[in-house]
Amino acid sequence: MSKKKAAKPVSKKAAKPAAKKAVKAAGSSSKSLLVENRVFKPSADFVKKARISSMAQYQKMHAESLKNPDKFFGREAKELSWSRPFKKVLDWKCPNAKWFVGGQLNVSVNCLDRHLDGPRKTKAAIIWEGEPGEKRVITYQQLHRDVCRFANVLKRHKVKKGDRVVIYMPMVPEAAVAMLACTRIGAMHSVVFGGFSAESIKDRVTDCGATMVITADGGYRRGAVVALKKNVDDALKGGDTPVKSVIVLRRTGQDVHIEEGRDYWWHRELEYVDAKCPAVAMDSEAPLFILYTSGSTGKPKGILHTTGGYLLHAYMTSKYVFDLRDDDVYWCTADIGWVTGHSYMVYGPLAMGATSLMYEGAPNWPENDRFWRIIEEYGVTVFYTAPTAIRAFMKWGDEWLKKHDLSSLRLLGTVGEPINPEAWMWYHNQVGGGRCPIVDTWWQTETGGHMITPIPGAIPTKPGTATLPFFGVDAAVVDDLGKEVGKDEQGKLVIRKPWPSMLRGIWGDKDRYQKTYWSDFKGWYFAGDGARRDKDGYFWIIGRIDDVLNVAGHRLGTAEVESALVSHAAVAEAAVVGRPDELKGQGVVCFVTVKEGVKTSRDLSEELKKHVRKVIGPVATPDEIRFAAALPKTRSGKIMRRLLKQIASGETLKGDTTTLEDINVIAALAAASGED
Ligand code: WT7
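Description of the structure in this document. (Residues numbered from 1 in each chain as written. Predicted model: local features only at pLDDT ≥ 70, side-chain atom pairs only at ≥ 80, totals over all residues. Heavy atoms only, no water.)

Here we look at the packing of helix H10 (residues 198-208) against helix H11 (residues 228-236)
Then comes step 1: The N-to-C vectors of H10 and H11 enclose an angle of 55°; their axes lie 8 Å apart at closest approach. Considering their axes alone, H10 and H11 lie oblique with respect to each other. The hand of the H10/H11 crossing is right-handed. Along the contact surface, H10 presents Ala 198, Ile 201 and Lys 202, while H11 presents Asn 231, Val 232, Asp 234 and Ala 235.
Then comes step 2: Residue composition of the contact of H10 with H11, grouped by class: four nonpolar, one polar and two charged. (Axes fitted to C-alpha atoms, helices over the stretch in contact; angles between N-to-C directions. Helix = DSSP H or I, 4+ residues; strand = E, 2+ residues; numbered from the N terminus. Parallel < 35°, antiparallel > 145°, perpendicular 65-115°, else oblique. Left-handed = near helix turned anticlockwise from the far one by under 90°. Contact = heavy atoms within 4.5 Å. Nonpolar A, V, L, I, M, F, W, Y, C, P; charged D, E, K, R; others polar.)

Have a look at this one:
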């Protein structure tokens, strides 16, 4: 892995203005973001095989996709299998989009059946490795059979078209089988990440009105068993949810409670069904799934995606951004509980007929080289992971990679948060051996698929930028009045046209959909992120500018954590802010005032951390609890987060800022100044 070969900046057309001032990776990521000028062009070898192989070709296609979306997407959509062709590509009345009007299709048919006529029939659809080390290879033919049989289990339990099914599973192939089985009969799934608590499951089950939960006895994580079924039991305790049946996969084999008449073993249910299950033809705009994500209020939003547009975008981005081929071994390390696991572990790659690798457990189990071991063993060619993971690998040291042959890799990707140039360079040199393009893909649960991303054979990359918009994406950086800001100026990231995989709503809350996404700028989608564009027009994502944190690539609403804290008997008031964290991007700092008569202590702070884990789940574990006698507020009573953020990251006050007094002094000052 030669560093020299890797870091050669180029100065061809598109890269021209940027190439002159190559700089060293700076120590501080925010600083280096501003001066980052290195440009990397894909190798001639990569370009030769790429579907889109020049900047000019990208620009031409992007221009057509905006100017003539009907023609562009009409053509692309023909690559999917439709049981009834669509009559109209787009019907747009802001904020309601209908794509491929009149068309009917089935997602499982597009991901499975259509690959069975040719050589893909016996190709690996999913390669799976369990954390303890088991290995399974599931061909398209086998996956089709598994999905059909499980779809019949759903039917046996009276799950119908339009019903909601919650999936709370470890990273096992059956999770994908459950998702695809839902799509086969037109039921909607809502996958809940295994790191969420019983209470979070209950909230989601109740909000979407799920009649079935699919789970497992447990899953493996860092050598321990996560008690998934127990969490489901706790969530359903009291019987006040709409859930009628729970299907339980046996994964870990530990004892679990089985509630007569409600709980059924997955393997037993399969004994009653056959392997024939016709797919239901679904309207292009039929709901496909709901995925909950955090917003700026305490209540997570059920993001709704529909069938045709979502599938097309997942398919198209897998084709153009990951440039997937029949001989690729593609590995996305995301969990199925996040949108990345939906679009880029299941739907996108399978719609392409690709081989998708799935690994159940932690990257450092049993040792720090587990990922590199997997890449070597299976000959992974395309690898998609998160900056937070990359920073952890960097910290663990290069020796873990050096033990393994990573030469099969040809393309790398990142997602979830801005990647600092240092981490980008390390990824490029150490993992990619200097030869693999990196696609830094900016998108969101709401967008369904990649929005701003390099096209690897066409768009030269720079460390830390997601570069340019994908086809059909009309992105801009604007000021509060909607005017585009100047070069290198920071503003709000908006999307000015509908795109096929955009969310179609928030489940059960029409007003919130309109208000959250479409009311800051009339007719435009506001993403909640800040960004700037450089002299080449590249987008540099700064991060969330609303009250949403990004902790290790996971989205977390500060209001959610606050409401979890105040649900504890000792807490009077809480304010939660993020502070920069070297590994996780952001850490969670909670300022807490306690009720009269409660004594603050280290024990109480540990108890509050545990309480948040219990209410939301381990994903939301606070890094620090700081007790204060009062919180700084404006005259109108708004908590001054800006101040708290500065305190949390030690910006305002020199020396020890952690004491009660410091915060109280500020609270007093803030109250006196009445800043609003
Ligand atoms: C937020 C969306 C998209 C799947 C995973 C997260 C941040 C995401 C990038 C990137 C900079 C990024 C944004 C966005 N984000 N990708 N490549 N560069 N920031 O999905 O939980 O819906 O979070 O993640 O802030 O708004 P999500």
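From this point, things continue past the structure.
Considering the packing of helix H16 (residues 387-396) against helix H18 (residues 421-431)
Then comes step 1: Where H16 contacts H18, the axes come no closer than 10 Å and their chain directions differ by 70°. With respect to their mutual orientation, H16 and H18 come out roughly perpendicular. Between H16, through Ile 390, Arg 391, Phe 393 and Met 394, and H18, the contact on the second element is made entirely by Glu 422, Ala 423, Trp 426 and Tyr 427.
Then comes step 2: Tallied by class, the residues present in the contact of H16 with H18 amount to six nonpolar, no polar and two charged.

Some remarks on the sheet that holds strand E21 (residues 475-478)
Then comes step 1: If you walk across this open sheet you meet the four strands as E21-E22-E24-E25, and the pairing is antiparallel. The open sheet is flanked by E21 and strand E25 (539-544), the only strands paired with a single partner. Within this sheet the neighbouring strands show an average axis-to-axis angle of 45°, counted without direction.
Then comes step 2: Examined bridge by bridge, E21 and strand E22 (residues 490-495) share four bridges and lie antiparallel to one another. Paired with Val 478 across the two strands is Lys 492, which belongs to E22. (Pairing = 2+ DSSP bridges.)

With respect to the site of the ligand
Then comes step 1: Asp 440, Thr 441, Thr 445, Asp 529 and Arg 555 are the nearest of the 17 residues found near the ligand.
Then comes step 2: Within the side chain of Thr 445, an N or O atom sits 2.6 Å from an oxygen atom of the ligand.
Then comes step 3: Taking Asp 529, its side chain carries an N or O atom lying 2.5 Å from an oxygen atom of the ligand.
Then comes step 4: When isolated, the ligand has an accessible area of 560 Å², and the protein chains bury 96% of it.
Then comes step 5: Elements with a minimum of two residues in the shell around the ligand: helix H14 (339-351), strand E20 (438-441) and E25.
Then comes step 6: In terms of residue class, the shell around the ligand is made up of six nonpolar, six polar and five charged. (Near = heavy atom within 4 Å. Polar contact = N/O pair within 3.5 Å; in protein donor to acceptor, adjacent residues only side chain to side chain. Areas by Shrake-Rupley, 256 points an atom, 1.4 Å probe, with all protein chains shown as cover.)

Topic: the nonpolar core
Then comes step 1: Leu 143, Phe 150, Ile 214, Trp 266, Ile 455, Phe 471 and Leu 565 are the most contacted members of the largest nonpolar core, which totals 168 residues.
Then comes step 2: Of all the elements, helix H9 (residues 173-185) adds the most residues to this core, at nine residues.
Then comes step 3: The residues contacting Leu 565, other than those within four sequence positions of it, are Val 571, Ala 574, Val 576, Cys 590, Val 592, Leu 608, Val 612 and Ile 625.
Then comes step 4: Formed by 31 residues, the second largest nonpolar core is a distinct cluster that contains Ile 127, Ala 423, Cys 436 and Ile 438. (Core = buried A, V, L, I, M, F, W, Y, C linked by side-chain atoms within 4.5 Å. Buried < 20%, exposed > 50% of the residue type's maximum accessible area, 1.4 Å probe, protein only.)

Let's talk about the environment of Asp 117
Then comes step 1: If you trace the backbone, Asp 117 turns up in the loop between helix H7 (107-111) and strand E4 (124-129).
Then comes step 2: Along the sequence, Asp 117 and Gln 141 sit 24 residues apart, while their C-alpha atoms lie 9.9 Å from each other.

Remarks on empty space enclosed by the protein
Then comes step 1: All chains considered together, the criterion is met by two cavities of 30 Å³ or more.
Then comes step 2: The computed volume of the largest cavity comes to approximately 50 Å³.
Then comes step 3: Lining of the largest cavity is provided by Asn 106, Val 107, Thr 183, Gly 186, Ala 187, Met 282, Pro 287, Leu 288 and Thr 307.
Then comes step 4: A class-by-class count of the residues in the lining of the largest cavity yields five nonpolar, four polar and no charged.
Then comes step 5: When we break the lining of the largest cavity down by domain, the ones giving at least three residues each are domain 1 (34-106 + 287-474 + 503-518) and domain 2 (138-282).
Then comes step 6: By volume, the second largest cavity is sized at about 30 Å³.
Then comes step 7: Taken together, Asp 207, Lys 299, Pro 300, Lys 301, Gly 302, Ile 506, Trp 507, Asp 509 and Arg 512 make up the lining of the second largest cavity. (1 Å grid on protein atoms, 1.4 Å probe; cavity = no way out; pocket = protein on both sides within 12 Å on 5 of 7 lines; lining within 4 Å. Points joined across faces, edges and corners; volume = space filled by probe spheres on them. Domains from an automatic or database assignment.)

Some thoughts on H9
Then comes step 1: When the terminal C-alpha atoms of H9 are compared, their 19 Å separation across 13 residues agrees well with the 18 Å that a helix rising 1.5 Å per residue should span.
Then comes step 2: Just beyond H9, the residue with positive phi is Gly 186, at close to 80°. (Expected span 1.5 Å × (residues − 1).)

Some words on the sheet that holds strand E29 (residues 585-594)
Then comes step 1: Reading across from one edge, E28-E29-E30 is the order of the three strands in this open sheet, with mixed pairing throughout. Only two strands of the sheet have a single neighbouring strand rather than two, namely strand E28 (571-581) and strand E30 (624-627). Pairwise comparison of adjacent strand axes, ignoring direction, gives a mean angle of 25° for this sheet.
Then comes step 2: The pairing of E28 with E29 spans 10 bridges and is classified as antiparallel. Bridging from a neighbouring strand, Gly 578 pairs with Val 588 of E29.
Then comes step 3: Against the sheet, helix H20 (residues 558-566) contacts E28, E29 and E30, and its axis sits at roughly 145° relative to E28.

Here's the deal with the pattern of salt bridges
Then comes step 1: Counted under the stated rule, the structure contains 51 salt bridges.
Then comes step 2: Between Glu 64 and Arg 75 there is a salt bridge, with its nearest N and O atoms 3.1 Å apart. Of this pair, Glu 64 sits in helix H5 (residues 55-67) while Arg 75 sits in helix H6 (residues 69-77); the two residues are 11 residues apart in sequence, bridging distant segments of the chain.
Then comes step 3: For Arg 75, a relative accessible area of 41% gives the class partly exposed.
Then comes step 4: Between Arg 641 and Glu 562 there is a salt bridge, with the nearest N and O atoms lying 2.7 Å from each other. One end of the pair, Arg 641, is in helix H22 (residues 641-648); the other, Glu 562, is in helix H20, and 79 residues separate them in sequence.
Then comes step 5: According to the relative accessible area criterion, Glu 562 is buried, its value standing at 13%.
Then comes step 6: Sharing partners across several salt bridges, the network here consists of Arg 51, Asp 323, Arg 325, Asp 328 and Arg 410. (Salt bridge = Lys/Arg side-chain N within 4 Å of Asp/Glu carboxyl O.)

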